[in-house]
Amino acid sequence: MLLATNLRASGSWCDKRLLLLFLFSLFLFIAALFTFNPSLRQLPRHFIDDRPAAHHFIPTSASNDLTAGESWIFDSTKDGQNYGLSDVQCSSTFPKLYTSIDEMVARHASKLIRAKDLDATMTGDHAVTIPVKAMIFEGELFVVDDGGMTDFYGTRLFATLDSLHRALIAFPDRAQLPNCEFIISWGDKPARGAPVWGYTKKDTSEYYNTWLMPDFGFFSWPEPKTGAYTEVRRAMKKVETDTPFEAKIPKLVWRGAPLIEDRVKLLENSQDKDWANVRGINWEDKEDLEKNHLTLAEHCRYMFIGHVSGLSWSGQGKYVRNCHSVIVSHTLEWREIYDSAIVYSGPEQNAVRVADDWSDLDATMKTLLANTTAAKSIADNAKDMLRDRYLTPAAEACYWRKLIQGYASVSFDPELYEADKQTLRGVPYESFTLLRKVRWDAY
Ligand SMILES: *[C@@H]1O[C@H](CO)[C@@H](O)[C@H](O)[C@H]1NC(C)=O
């Protein structure tokens, strides 16, 4: 009552002072209320602090806002598994991810990809992995030609199509993506000559037309029980929680089949060395496997992890770079989608490169072990730049969409229908993934 009277009679200097005093008290009262009553604190903070991890729900609608790129900052804990980042977020968070796409767009700018260029690939001579022709139309995935395959040589083709499909369905603006038709060449080495999407390529003329796509392990590789990519990352995080860098075994670890000369050289140059836990594995020998096999997560217990090419690229690379450890490799000729983010020198160094024949491995390991503080900073950079950025599931989904955009920009416009204008040229992925073929008899 007193206040109301004062307000009405406001005008005199004394009344104004009283009003200010009242407002200040009110402010103090509200501040005290928030401080002592946790339920009145900001809701998201309350969620983050007090709920068990499994129940975290952080609304992401804001991160799908195309205009949010300027103020939004990627947080790997919150956004690392967001398959639907906006175009602007993808560009600003992973600026080095699209190098190979930009290269290909520049390469094809004066020589657009025509429909008949794809047909040439489909009729080529391919051993077990006949290329599959697919199409994206208004953001939907279709399989146009399965090459007549009945046996899909394991799961990798479906892992690839599934991860592409995931990158589409998670993206609210998928209908605005450009239409395109393309060949997925899902062998260890992509089909040569023709424009195809492949897991890897070398910078040689035979792969001049290969567009890099994410490898199937970014989805799941169940055959060797590697499992889903997110499953591997989770298992590794667990090891990392138990084993900070300083507590890791100060040795170089590597396991793999000694398939090729490069691997034999690694084995030779680490034989009988104090710093080495390097072993060739024979996948056919059960006893050997049981004794010497290490899970990918167990690799994270070591300060140093060896990485070497396989018949082409080695899928192990993207997994072990999720460890907070130092990756030691030779020059990796077979490229992968994220490799522009690997840095071998300077303050941002996040990996160590030795001679191609591994002859300086011993000297390199001695240098690294002489100063594990310096080694840790390489591992720190790898954690920040690779595990928590370029190797996140979010980055993989961004890559797929940028690949679609880049490829479509230098490629023909595909037809949705046959010449009759009513028969779909492709089978929607939803059906293909169930029946695993593009033609079947209805009943
Ligand atoms: C080890 O490396 C760190 C970081 O590069 C450096 O500051 C330090 O001086 C080095 N210590 C020795 C003994 O060389």
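Notes on the structure in this doc start here. Just so we're clear, the structure is a prediction, and the values are computed from it rather than from any experiment. (Residues numbered from 1 in each chain as written. Predicted model: local features only at pLDDT ≥ 70, side-chain atom pairs only at ≥ 80, totals over all residues. Heavy atoms only, no water.)

**Let's talk about the packing of helix 14 (residues 361-370) against helix 15 (residues 372-390)**
At step 1: Close contact between helix 14 and helix 15 brings their axes to 5 Å; oriented N to C, the two are set at 100°. On the basis of their axis angle, the class for helix 14 and helix 15 is roughly perpendicular. Contacts from L368, L369 and A370 of helix 14 reach helix 15 at T372, A375 and I378.
At step 2: Residue classes in the contact of helix 14 with helix 15 are distributed as five nonpolar, one polar and no charged. (Axes fitted to C-alpha atoms, helices over the stretch in contact; angles between N-to-C directions. Helix = DSSP H or I, 4+ residues; strand = E, 2+ residues; numbered from the N terminus. Parallel < 35°, antiparallel > 145°, perpendicular 65-115°, else oblique. Contact = heavy atoms within 4.5 Å. Nonpolar A, V, L, I, M, F, W, Y, C, P; charged D, E, K, R; others polar.)

**Thoughts on the sheet that holds strand 10 (residues 302-307)**
At step 1: The strand order 9-8-10-11-12 describes an open sheet built from five strands, whose pairing is parallel. Across the chains shown, the open sheet's two edge strands, defined by having one partner strand only, are strand 9 (276-280) and strand 12 (352-353).
At step 2: Where strand 11 (residues 326-329) meets strand 12, two bridges bridge the pair, whose relative direction is parallel. Its bridge partner being in strand 12, V328 is matched across the sheet by V352. (Pairing = 2+ DSSP bridges.)

**A closer look at the layout of surface pockets**
At step 1: When its volume is computed, the largest pocket comes out at roughly 1100 Å³.
At step 2: When residues of the lining of the largest pocket are traced back to their parent elements, those giving at least two are helix 9 (229-242), strand 8 (249-256), helix 12 (296-299) and helix 13 (316-320).
At step 3: Each residue belonging to the lining of the largest pocket can be placed in one class, and the counts come to 16 nonpolar, 12 polar and nine charged.
At step 4: Counting the residues that make up the lining of the largest pocket, at least three belong to each of domain 1 (76-215 + 394-435) and domain 2 (230-335 + 339-390). (1 Å grid on protein atoms, 1.4 Å probe; cavity = no way out; pocket = protein on both sides within 12 Å on 5 of 7 lines; lining within 4 Å. Points joined across faces, edges and corners; volume = space filled by probe spheres on them. Domains from an automatic or database assignment.)

**Observations regarding the environment of T331**
At step 1: Tracing the backbone shows T331 in the loop between strand 11 and strand 12.
At step 2: Note on T331: relative accessible area 32%, which makes it partly exposed.
At step 3: Side chain to side chain, T331 and D356 meet in a polar contact 2.8 Å long. (Buried < 20%, exposed > 50% of the residue type's maximum accessible area, 1.4 Å probe, protein only. Polar contact = N/O pair within 3.5 Å; in protein donor to acceptor, adjacent residues only side chain to side chain.)

**Topic: the sheet that holds strand 5 (residues 210-212)**
At step 1: Spatially, six strands are ordered 5-4-3-1-2-13 in an open sheet, and the strand pairing comes out mixed. This sheet does not close on itself; its edge strands, each paired only once, are strand 5 and strand 13 (427-428).
At step 2: Looking at chain direction, strand 4 (residues 196-198) and strand 5 are connected through three bridges and run parallel. Its bridge partner being in strand 5, W197 is matched across the sheet by W211.
At step 3: Contacting strand 1 (132-137), strand 2 (140-145), strand 3 (180-185) and strand 4, helix 8 (residues 156-169) runs over the sheet at an angle of about 150° to strand 2.

**Some details on the nonpolar core**
At step 1: Ranked by size, the top nonpolar core spans 85 residues in total, and within it F94, L141, F182, W197, W211 and Y338 carry the most contacts.
At step 2: The greatest single-element share of this core, amounting to 10 residues, is contributed by helix 16 (residues 393-409).
At step 3: Residues from two domains meet in this core; each of domain 1 (76-215 + 394-435) and domain 2 (230-335 + 339-390) gives at least three.
At step 4: If sequence neighbours within four positions are ignored, W197 has contacts with L164, F182, I183, I184, S185, W211, M213, W400, L403, I404 and Y407.
At step 5: Within the second largest apolar cluster, 21 residues are counted, among which are V326, A375, I378 and A379. (Core = buried A, V, L, I, M, F, W, Y, C linked by side-chain atoms within 4.5 Å.)

Shape is all these values report; function is a separate question.
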